[in-house]
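Results of the structural survey
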Amino acid sequence: MKKSSSHTQPRHFRTIWLLLVCSALYFVLFIFPNLSGAQTPDMLAIFEVDEFAQYEHAVRMASGTDNWRDSLREFVVYQHYFYGYPFYFFSALVLLPLRLLLGSGWVEYTSTIVVVLRQLINVLPNLLSVWLLTYAATEFRSNFKTISLFLLMLLLPGLTGNSLWWHADGLGLLFMALVFFFLRLDRLRFGRYFWLSALAAGIGLGIKYVGGFFVFAIPLYLLLGLQHKTLTPARFVGYAAGFVALMLAAFVITNPLLLFPPRADLIATQRLQFEQTSQGILMGPSGFLQNGRLPSWLTTNFGSPLFLALLGVALVIGWRKGGKPRLHAALLTAWLLPNLVVMLNASSWRIHYWLPIMLPAMTALVFVLPERWQDLRPGPGKARVVLQWALVAFLAWQASQFAVSSGQHYLHNLQREQTSASLRFYRSVQPLLAEQTSPLHIYRDWKVYFPAEDDISVFMDWDLGSHEMLNSEQPDVLLLERENVETYGDADYLASAPDPERLEPMHRFYRAALLDGFSRYQLIYEDDFGLVFLRQ
């Protein structure tokens, strides 16, 4: 036994070193595309409008004031309540050393600020999530399973996309993975790791509600404690109440504004978030399946239909096993069910919404992967060996497809400034407007790039254009995105809109743009990306 252990231990260390090298390479590689698309704060809007909405708040929090009380208030009252405070807390925290390093003019280094946020708030948490989920599934006991699962998750195009921006979903994934990790370490003993999982779930709940989706998993975990007699009925009640209390305490402590007057704005914003997710913001729901097939964005970013079916089969096989595999299968099932119910009934199906579903689901592959390379050698049980070779070959093919799609994501972002239609539109329009009498007051749609200058003021509206905006702001120039004009100006748009009464002013505005029907504005330029209207 000692001889076997002495040979096994170094192999595990070699595996961990391999994973560390892959992680370091992954982290460094993403620096290059994450430096792009962020030359100015306005440029964020044309590539990732969410980043643009978040940016000023994180920078303001980290900037401070001359008064420490006001600085503390700015750091806590973060104002952008679509995401929980932990996201902004960690974002501002990583910017503080950068502010000290770059000095008083640090806010001018937009691309440096953004790459730090993208790398430390998304890339790093994504890597840590893959490590934690891999450990929760394998405990690093099987080198073959550990390496296979780790690399497959790392190549996932959906994860690649989540590593190419700065958003709350990186931290949401991390705290979700921490719950699985702590429960694996706890092993139904209900010790300190059980309570740490409650803390992680509470913080995850306060970032993007991810902790709330353990609503079935934790009760099931407690019931398994009863079944294995590590809990008595009385302790079951106590531990259940303790978990909920600790999770809610972590939720409130990490979102301190819930205890102060700004909570009214926070709650109102979150209510709006729920409505927009369930009903849609500008476009109504069109159904999850497309002509009876899975949507292409799902299969491109998370695997072919056969791969997705394999995950389901693997999960069923996990239930048939005993011990730790069955516990992992049970927790996975209890986690996936509420997530799938919510996502399949929502109207917003953005790719990163599916990461908390697909990454844990991929860990079910440990139930079907061979333990060692030696298990693939010909020998007794020939049919089983053939099946395992077929499985490994299929997963290798799927990994190659992931690599191709991830590579395309990577190259697209690396080259986005050179290929951007919005930047091309700006280069065409800027000389044209330079000929006009200044100063100019310009309205732009979300993804139209046109930074303000000394004699040019530029504004946008999160509700997009409307005639009310024209009357109140009286812009000299309208810079409209063609896609908005053609989509929201379509005569039939309101028939399928999620909230026709709210969206009618926007529809009327873009309908006028589509028909060149603005009474005081003349169309002076257009291309395949946008249109320019000048006030007469």
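The structure displayed is predicted, hence computed values, not measured ones. (Residues numbered from 1 in each chain as written. Predicted model: local features only at pLDDT ≥ 70, side-chain atom pairs only at ≥ 80, totals over all residues. Heavy atoms only, no water.)

1. Quick notes on the overall build of the protein chain
Counting its regular elements, the protein chain contains 25 helices and five strands. At 26 Å, the protein chain has a C-alpha radius of gyration in line with the 24 Å of a compact globule built from 536 residues. Seen along its three principal axes, the alpha-carbon backbone of the protein chain occupies a region of about 85 × 55 × 50 Å. Split into buried and exposed, the 536 residues of the protein chain put 52% on the buried side. Sequence-distant contacts, at least 24 apart, represent 72% of the contacts inside the protein chain between residues at least 6 apart. Total accessible area on the protein chain is roughly 25,400 Å²; 62% of this is exposed by carbon and sulfur atoms. Considering the protein chain, the positive charge centre built from 41 side chains and the negative charge centre built from 39 side chains are found 24 Å apart. (Helix = DSSP H or I, 4+ residues; strand = E, 2+ residues; numbered from the N terminus. Rg over C-alpha atoms; globule rule 2.2 N^0.38 Å. Buried < 20%, exposed > 50% of the residue type's maximum accessible area, 1.4 Å probe, protein only. Contact = heavy atoms within 4.5 Å. Areas by Shrake-Rupley, 256 points an atom, 1.4 Å probe, with all protein chains shown as cover. Lys, Arg positive; Asp, Glu negative; His and termini not counted. Charge placed at Lys NZ, Arg CZ, Asp CG, Glu CD.)

2. Points about the pattern of salt bridges
Using the criterion set out here, one finds 15 salt bridges in the structure. A salt bridge links glutamate 139 to arginine 184, with the shortest nitrogen-to-oxygen separation between them at 3.2 Å. Separated by 45 residues along the polypeptide, glutamate 139 in the loop between helix H7 (110-138) and helix H8 (143-155) and arginine 184 in helix H10 (residues 169-186) bring together distant segments of the chain. Using a relative accessible area of 12% as the deciding quantity, one classes arginine 184 as buried. (Salt bridge = Lys/Arg side-chain N within 4 Å of Asp/Glu carboxyl O.)

3. A short note on the environment of isoleucine 442
Of note, isoleucine 442 is situated in strand S1 (residues 440-444). With 16 residues separating them in the primary sequence, isoleucine 442 and valine 458 have C-alpha atoms 4.7 Å apart. For isoleucine 442, the contacting residues outside a window of four places in its chain are Leu433, Phe450, Ile456, Ser457, Val458, Phe459, Val477 and Leu479.

4. Notes on the confidence of the model for the protein chain
Atomic detail in the predicted coordinates should be set aside for any region of low pLDDT. Averaged over all residues, the pLDDT of the protein chain is 91; the fraction at 70 or higher stands at 93%. Within the model, the stretch residues 1-8 combines pLDDT values under 50 with zero contacts to residues more than four positions away or in other chains. (pLDDT = per-residue confidence, 0-100.)

5. Let's talk about the side chain of serine 466
Looking at the secondary structure, you find serine 466 in the loop between strand S2 (456-459) and helix H22 (467-473). The class for serine 466 is buried, based on a relative accessible area of 12%. Of note is the side chain of serine 466, whose polar atom sits 3.1 Å from the backbone nitrogen of methionine 469. Contacts of serine 466, omitting those with residues within four sequence positions, involve Pro505 and Phe509. (Polar contact = N/O pair within 3.5 Å; in protein donor to acceptor, adjacent residues only side chain to side chain.)

6. Focus on the nonpolar core
Grouped together as the largest cluster of nonpolar side chains are 152 residues, with contacts concentrated most on Phe307, Leu480 and Phe518. The biggest single contributor to this core is H7, with 15 residues. Excluding residues that lie within four positions of it along the chain, phenylalanine 307 makes contacts with Leu152, Phe302, Met362, Leu365, Phe394, Leu395, Gln398 and Phe402. Listed in part, the 19 residues of the second largest apolar core include Phe47, Val429, Val477 and Leu534. (Core = buried A, V, L, I, M, F, W, Y, C linked by side-chain atoms within 4.5 Å.)

7. A few points about unusual backbone geometry
It is generally the case that most residues other than glycine have a negative phi and that most peptide bonds are trans. A cis amide bond links serine 438 to the next residue, proline 439, at an omega of 5 degrees. Residue placement: proline 439 occurs in the loop between helix H21 (421-434) and S1. The phi dihedral of phenylalanine 140 falls on the positive side, at around 60 degrees, and the residue is not glycine. Here phenylalanine 140 lies in the loop between H7 and H8. For phenylalanine 140, a relative accessible area of 15% puts it in the buried group. Backbone geometry at aspartate 516 places phi at a positive 55 degrees, although glycine is not the residue there.

8. Some points on empty space enclosed by the protein
To locate leftover empty space, one rolls a probe as large as a water molecule over the atoms. Scanning the entire structure with this criterion turns up one cavity of 30 Å³ or more. Reported here for the largest cavity is a volume of approximately 60 Å³. What lines the largest cavity is Ala136, Phe180, Leu183, Arg184, Leu327, His328 and Leu331. Of all elements in the fold, only H10 and helix H17 (323-344) reach the threshold of two or more residues within the lining of the largest cavity. For the lining of the largest cavity, the residue count by class is five nonpolar, one polar and one charged. (1 Å grid on protein atoms, 1.4 Å probe; cavity = no way out; pocket = protein on both sides within 12 Å on 5 of 7 lines; lining within 4 Å. Points joined across faces, edges and corners; volume = space filled by probe spheres on them. Nonpolar A, V, L, I, M, F, W, Y, C, P; charged D, E, K, R; others polar.)

9. Re the sheet that holds S1
Taken in spatial order, the five strands make up an open sheet running S2-S1-S3-S5-S4, and their pairing is mixed. With partners counted over all chains shown, the strands left at the sheet margins are S2 and strand S4 (521-526), one partner each. Adjacent strand axes in the sheet meet at a mean angle of 25 degrees, parallel and antiparallel pairs treated alike. Alignment of S4 against strand S5 (residues 530-535), held across five bridges, turns out to be antiparallel. Paired with glutamate 526 across the strands is leucine 531, a residue of S5. Its contacts with the sheet put helix H25 (residues 500-514) on S1, strand S3 (477-481) and S5, and the angle it makes with S3 is roughly 95 degrees. (Pairing = 2+ DSSP bridges. Axes fitted to C-alpha atoms, helices over the stretch in contact; angles between N-to-C directions.)

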